[in-house]
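Next come the chains, spelled out residue by residue.
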Amino acid sequence: MTHSAPTHQPSICVLGLGLIGGSLLRAAVAAGRTAFGYNRSPETVDAAVADGYDASSDLVATLRRAADTSALIVLATPAPTIDALIARVAEHAPACPLTDVVSVKQPVADAAHAHGLGDRYVGGHPMAGTSESGWPATDPALFSGAVWVVGTDDGADPQIWRMVARLALDVGSRVVAAASDEHDRAVAGISHLPHLTAAVTAVVGAGEGELALRLAAGSYRDGTRVAGTSPTAQRAMLEANSTALLVALSETIDRLTYARDQLRDQGTVETLVADGHRARMHYEKVNGVDGPPATVTIGAPGWEADLRNAARDGAIWTG
């Protein structure tokens, strides 16, 4: 059986109050958790405070408060800023448990280890978001029903792992375990690659002129939705996972090249369309029902590998 979460849960310190971090602050408070946040922009902080949330633009003061209360610190700034932010955590709150909501896991884990916080870090990634950004886009219901990946690398602290998983459950998510490198390979194909294919679809379609855009309906709208995300935010996410994304992009180019050659030489796109249809049907089957609960004792010998294996078989952790 899985261990139940301890009765007392730590306060939550969210560093970065954009779409994901701000939504997490709101969701944590809505779930009854004590939560406070930091953002470098005074305008964002003012907006959060005006909405009734506890926020500051003073990073050092926020980290000292986290240290004094043994808060769970959540890194929620863009990937290129994470190393410097972890350095500040190491300076001012090194004993706090540490997690994140960044869309890549291995670079964050590497930075945590480089700054001596590897034993305090358990990564996280809620598979949720919109093409909007900033505090005005935040939504306390953003994580409801979403999958929240909780990093399960060998040597993870089981108590901190439970803290992170409990936070994910409290805000309505379903917890799935994964190693950092395995996570990054997976999201390259199902999250990061779609940003590039959306960009290509948007450019090619718009290149046909105003008539094409006037005719555009569901396929174009849905296929290009994520291209509406801020280019700066997209680059930060995609370039942080460049190694895995290069592999996914290469396979994509190979498949499209083959489809082009088939169409040119044989007048058909049968292979790619059939493969895509099968893949989509499998996705709908997998996501149509919840997987079984992961019956792993957190902290038992080999629990990390057992939990990862259970997740590969579709299991979720329910607390």
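The rules behind each value
Residues numbered from 1 in each chain as written. Predicted model: local features only at pLDDT ≥ 70, side-chain atom pairs only at ≥ 80, totals over all residues. Heavy atoms only, no water. Helix = DSSP H or I, 4+ residues; strand = E, 2+ residues; numbered from the N terminus. Rg over C-alpha atoms; globule rule 2.2 N^0.38 Å. Buried < 20%, exposed > 50% of the residue type's maximum accessible area, 1.4 Å probe, protein only. Core = buried A, V, L, I, M, F, W, Y, C linked by side-chain atoms within 4.5 Å. Contact = heavy atoms within 4.5 Å. Pairing = 2+ DSSP bridges. Axes fitted to C-alpha atoms, helices over the stretch in contact; angles between N-to-C directions. 1 Å grid on protein atoms, 1.4 Å probe; cavity = no way out; pocket = protein on both sides within 12 Å on 5 of 7 lines; lining within 4 Å. Points joined across faces, edges and corners; volume = space filled by probe spheres on them. Nonpolar A, V, L, I, M, F, W, Y, C, P; charged D, E, K, R; others polar. Salt bridge = Lys/Arg side-chain N within 4 Å of Asp/Glu carboxyl O. Polar contact = N/O pair within 3.5 Å; in protein donor to acceptor, adjacent residues only side chain to side chain.

(A) Structural view of the overall build of the chain. Regarding its fold elements, the chain presents 13 helices and 8 strands. The C-alpha radius of gyration computed for the chain amounts to 21 Å, which stays within 12% of the reference 20 Å derived for 319 residues, consistent with globular compactness. Seen through its principal axes, the chain has C-alpha atoms that stretch 70 × 45 × 35 Å. Counting every position in the chain, which comprises 319 residues, the buried fraction comes to 43%.

(B) Main features of the nonpolar core. Counting residues in each nonpolar core, the largest one holds 47 residues, and the members touching the most others are Leu24, Trp161, Leu307 and Trp317. For this core, the elements supplying multiple residues, two or more each, are β1 (12-15), α1 (19-30), α2 (42-50), β4 (72-75), β7 (147-151), α6 (158-170), β8 (174-178) and α13 (303-312). When residues in this core are grouped by element, the largest group, 8 residues, is from α6. Not counting residues up to four positions away in its chain, the partners in contact with Leu307 are Thr152, Trp161, Ala177, Ala294, Val296, Ile298 and Trp317.

(C) Structural context of the sheet that holds strand β3 (residues 55-56). Taken in spatial order, the 5 strands of this open sheet run β3-β2-β1-β4-β5, and their pairing is parallel. Lying at the two open borders of the sheet, with one neighbouring strand each, are β3 and β5 (98-100). Note that β4 and β5 share 3 bridges and pair parallel. Each residue of the ladder has a partner; that of Ile73, found in β5, is Leu98. On top of the sheet, α6 reaches β1, β4 and β5; it is set at about 65 degrees to β4, its chief contact.

(D) Highlighting the layout of surface pockets. Considered as a void within the structure, the second largest pocket measures approximately 160 Å³ in volume. Lining the second largest pocket we find 14 residues, and of these His113, Gly118, Tyr121, Asp153 and Ala156 sit closest to its centre. Split into classes, the residues belonging to the lining of the second largest pocket amount to 4 nonpolar, 7 polar and 3 charged.

(E) View of the sheet that holds β7. Here we have 3 strands laid out as an open sheet, ordered β6-β7-β8, and mixed in their pairing. Looking at the sheet topology across the chains shown, the edges are occupied by β6 (124-126) and β8. With direction set aside, neighbouring strand axes in the sheet form an average angle of 25 degrees. In the sheet, β7 pairs with β8 via 5 bridges, with the strands oriented parallel. Residue Val150 lies in a different strand from β8, and its bridge partner there is Ala177.

(F) Fine view of the pattern of salt bridges. Under the definition given, this model contains 18 salt bridges. Arg65 is paired through a salt bridge with Asp54; the nearest N and O atoms lie 2.7 Å apart. Remark: Asp54 occurs in the loop between α2 and β3 and Arg65 occurs in helix α3 (residues 59-69); sequence separation between them is 11 residues. Residues Arg235 and Glu239 are paired through a salt bridge, measuring 2.7 Å at the closest nitrogen-oxygen approach. Taken together, the positions of Arg235 and Glu239, both in helix α10 (residues 231-240) and 4 residues apart, correspond to about one turn of that helix. Classification of Glu239 by relative accessible area gives partly exposed; the value is 47%. Through salt bridges with shared partners, a single network forms among Glu251, Arg255, Asp275 and Arg278.

(G) Focus on the side chain of Thr99. Residue placement: Thr99 occurs in strand β5. Relative accessible area serves as the criterion here: at 3%, Thr99 is assigned to the buried category. Of note is the side chain of Thr99, whose polar atom sits 2.6 Å from the backbone oxygen of Val122. Residue contacts for Thr99: discarding those within four places in its chain leaves Leu72, Ile73, Val74, Leu75, Tyr121, Val122, Gly123, Gly124 and Val164.

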